[in-house]
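A look at the structure
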Amino acid sequence: MSAIAHSAVAVTRPTALSAALAQLADAHVRGAPLRALAGCTDVLVEANHGGLKHRSFIDLSGLKSELGGHSWLPDGTLRIGALCTYSALLADPRAHEAFPMLTQAAGLVGATQIQARGTFAGNVENASPAADAAPALLALDAVVHLQSASSARTVPLSQYYTGYRATARRPDELIVALEVPPAPAGEQFFRKVGTRAFQAITKVGISARLRWHEGAIVDARVVATSMAATICRATHLENALRGVRGVDGATSQALRRAQDADLRPIDDVRSQGDYRAEVFHRMVLQAVRETRA
Amino acid sequence: MTVSHAHTHLADAVPSQEVRFTLNGAPQKLSVRPFRRLLDVLRTDLDLPGTKEGCGEGECGACSVLIDGEPINACLVPVIQCEGTTIVTVEGLAGHDALHPVQQAFMQHGGAQCGICTPGMVVTAAWMRDQKLGPEAIREKLAGNICRCTGYSAIVNSVAAALGTPDGTPDSTPDGAAPGGSDA
């Protein structure tokens, strides 16, 4: 297939959410779904390198008054609008206090120019197994609010990924917001390993929440990045972490066995499976040490 | 090093759409194909070749311009997303009679070598100066602007000099003595 030229791509730019949803519904009925444009930090890379598979897009930049920014609900839940950029959230000191793992991810997703343009919702919908913000959101039990012309529904991020680069969103639906319930800051842990801190795609990453009570871990969320076809929770590892009081040799081995039951990372252009597994294991141990109350 | 696919098959082209924005202080009204990159529209349609193309994938920052006051990569912006925005390119930084303080500092401290990364560096540094960021922020905030010539010390020194002078007067500190400016 020859590359699609930029001049051959059609884009609509609605200025109201209702109009956008009507366009998505109409395109879906015609069997020619529209792909949404938000920060374009992924789509334009595809286009510039001739990898574009779509010719028809719907640009959301006219919907900033309805879908931009973020807000705090009375119970401390963070609501992130579909067009909220990384830099917009990073400008809010409360976000750093409440969700340090999310602001760390946002600050490492790319350099200044990418932070100013990229969106959390775009990162979720792009469905890359090497995403940075999406795994932090998954570890925080975030939910995805989807809307279509005729319906609205909420899908837990834990049920959002259905396969490699595939999501639960129907073609006539749009992510309108993400919601992140409150979580103690002390239990949050985020690390990404790439060739350098900024502007590097993640070779292996961890987003974890380890809740401690009376010297032992009582609850665990561990999300793996670049370790499988999608970002995913490592449930055997989460179970193995419950009851852990610290890191000794036997504990380390047990955690590694549990990890290997969950995650069998592959060799690819960015890294090797064995390296990924070993680094991930060490980051699990680091998470235990650093969140220990 | 252009990696984009700028070739146009007229038979495939979609209709032009009207896009309005403010560019370097002046209103612009363009009739353009919506998905064309802001980078190409600036360089080709608007005769502003100061914004450079390096990687074409948002990694190198050579195409940095300010949209609504924030530095962005013009290679990643379909022009239709510029509707209603305010854009400043490197050409818009200097006044009629005087260079921008960042440009002055780059001259004074040898911040440019081959020159391809320089416009993007200058734009990002001008934003840092607008934000009143200190020299300690340089290496993080400039991480999206990559240079293959200088080894960065001269650039960091230039930006540090520009940031260290809130009154707009270029710093006359010798190279290496600027705060945060030494690699050694």
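What counts and how
Residues numbered from 1 in each chain as written. Chains lettered and ligands numbered in written order. Predicted model: local features only at pLDDT ≥ 70, side-chain atom pairs only at ≥ 80, totals over all residues. Heavy atoms only, no water. Domains from an automatic or database assignment. Buried area = accessible area lost by both parts, 1.4 Å probe. Salt bridge = Lys/Arg side-chain N within 4 Å of Asp/Glu carboxyl O. Polar contact = N/O pair within 3.5 Å; in protein donor to acceptor, adjacent residues only side chain to side chain. Helix = DSSP H or I, 4+ residues; strand = E, 2+ residues; numbered from the N terminus. Nonpolar A, V, L, I, M, F, W, Y, C, P; charged D, E, K, R; others polar. Pairing = 2+ DSSP bridges. Phe/Tyr/Trp six-rings, centres within 6.5 Å; stacked < 30°, edge-to-face > 60°. Buried < 20%, exposed > 50% of the residue type's maximum accessible area, 1.4 Å probe, protein only. Contact = heavy atoms within 4.5 Å. Core = buried A, V, L, I, M, F, W, Y, C linked by side-chain atoms within 4.5 Å. Axes fitted to C-alpha atoms, helices over the stretch in contact; angles between N-to-C directions. Parallel < 35°, antiparallel > 145°, perpendicular 65-115°, else oblique. Left-handed = near helix turned anticlockwise from the far one by under 90°.

Take the domain arrangement of chain B next. Residues and elements named next belong to chain B. We note that the domain assignment places domain 1 (3-92) and domain 2 (101-163) within chain B. A C-alpha centroid distance of 23 Å is found between domain 1 and domain 2. When the two sides are added together, the surface that domain 1 and domain 2 hide from each other amounts to roughly 1000 Å², 65% of it contributed by carbon and sulfur. Of all residues in domain 1, the largest losses of buried area upon contact with domain 2 belong to S64, P71 and V90, amounting jointly to 38% of the total for that side. Taken together, the connections running from domain 1 to domain 2 amount to zero salt bridges. At the boundary of domain 1 with domain 2, the tally comes to five residue pairs in polar contact (both at pLDDT 80 or more). Put simply, the parts of the chain that give the side of domain 1 that touches domain 2 at least two residues each are β3 (64-67) and β4 (70-73). If you tally residues by element for the side of domain 1 that touches domain 2, the top one is β3, at three residues. Among the residues making up the side of domain 1 that touches domain 2, the classes are represented as six nonpolar, five polar and three charged.

This part takes up the pairing of strand β6 (residues 143-147) of chain A. On any regular strand, side chains alternate: one points to one face of the sheet, the next to the other face. Residue and element names in this part refer to chain A. Two strands pair when backbone bridges link them, and β6 and strand β7 (residues 152-156) are joined in this way by five bridges, in the antiparallel orientation. Of the residues in β7, the one forming a bridge with V144 is V155. Count of turn residues in the β6/β7 antiparallel hairpin: four residues. In this structure, β6 lies alongside strand β10 (residues 174-180), joined through five bridges in antiparallel fashion. Paired with V144 across the strands is L178, a residue of β10.

Residues and elements named next belong to chain A. Counted under the stated rule, the structure contains four aromatic pairs over all chains. Taking the centre distance of 6.1 Å and the plane angle of 5° together, the rings of W72 and F99 count as stacked. A residue pair is termed long-range when its members are at least 10 positions apart, and W72 in strand β4 (residues 70-72) and F99 in the loop between α5 (93-98) and α6 (100-108) qualify at 27 residues. Relative accessible area serves as the criterion here: at 1%, F99 is assigned to the buried category. A ring pair is formed by Y86 and F120, whose centres lie 4.9 Å apart and whose planes are at 65°; its orientation type is edge-to-face. Of this pair, Y86 sits in helix α4 (residues 86-90) while F120 sits in helix α8 (residues 120-126), and the two are 34 residues apart along the sequence. Since its relative accessible area comes to 0%, F120 is described here as buried.

Another point: the interface of chain A and chain B. Each partner contributes residues to the interface: chain A has 35 residues there, and chain B has 41 residues. For the chain A and chain B pair, buried surface summed over both sides reaches about 3200 Å², with 57% attributable to carbon and sulfur atoms. Its largest share of buried area at the contact with chain B, chain A owes to S7, Q113 and R117 of chain A, together 21% of the area lost on that side. Joining chain A to chain B, the criterion identifies 14 residue pairs in polar contact (both at pLDDT 80 or more). Among the secondary structure elements, those contributing two or more residues to the side of chain A that touches chain B are β1 (10-12), α2 (43-48), β3 (56-59) and α7 (112-115) of chain A. Of all the elements, α2 of chain A adds the most residues to the side of chain A that touches chain B, at five residues.

One broad trend across soluble globular proteins is that nonpolar side chains are buried collectively. Core analysis: the largest hydrophobic core is formed by 52 residues, its most contacted members being I80, L102, F120, V124, L137, L157 and Y160 of chain A. At the level of elements, α1 (17-29), β5 (78-81), α4, α6, α8, α9 (133-139), β6 and β10 of chain A are the ones that each hand at least two residues to this core. By residue number, the principal contributor to this core is α9 of chain A, which donates six residues. Those residues in contact with I80 of chain A, other than ones at most four positions away along the chain, are G69, H70, L102, F120, L137, A177, L178 and V180 of chain A. Core analysis: the second largest hydrophobic core is formed by 37 residues, I114 of chain A together with L48, I72 and I87 of chain B among them.

To continue, consider the packing of helix α11 (residues 249-262) of chain A against helix α12 (residues 273-291) of chain A. All names here are of chain A. Relative orientation of the contacting elements α11 and α12 amounts to 130°, with a least axis distance of 10 Å. By the criterion of interaxial angle, the relationship of α11 to α12 is oblique. Where α11 crosses over α12, the two elements pack in a sense that is right-handed. Counted together, S252, L255, R256 and Q259 of α11 and A277, E278, F280, H281, V284 and L285 of α12 form the full contact between these two elements. Residues belonging to the contact of α11 with α12 are distributed by class as follows: five nonpolar, three polar and two charged.

Residues and elements named next belong to chain A. Read from one edge to the other, the open sheet built from five strands follows the order β4-β5-β10-β6-β7, with strand pairing classed as antiparallel. Bordering the open sheet on either side are β4 and β7, each of which pairs with just one other strand. On average, each strand axis in the sheet is tilted by 20° relative to the strand beside it, whichever way the strands run. Where β4 lies against β5, three bridges are found, and the strand directions are antiparallel. Paired with H70 across the bridge in β5 is I80. Where α1 meets the sheet, it contacts β6 and β10, and its direction lies at approximately 120° from that of β10.

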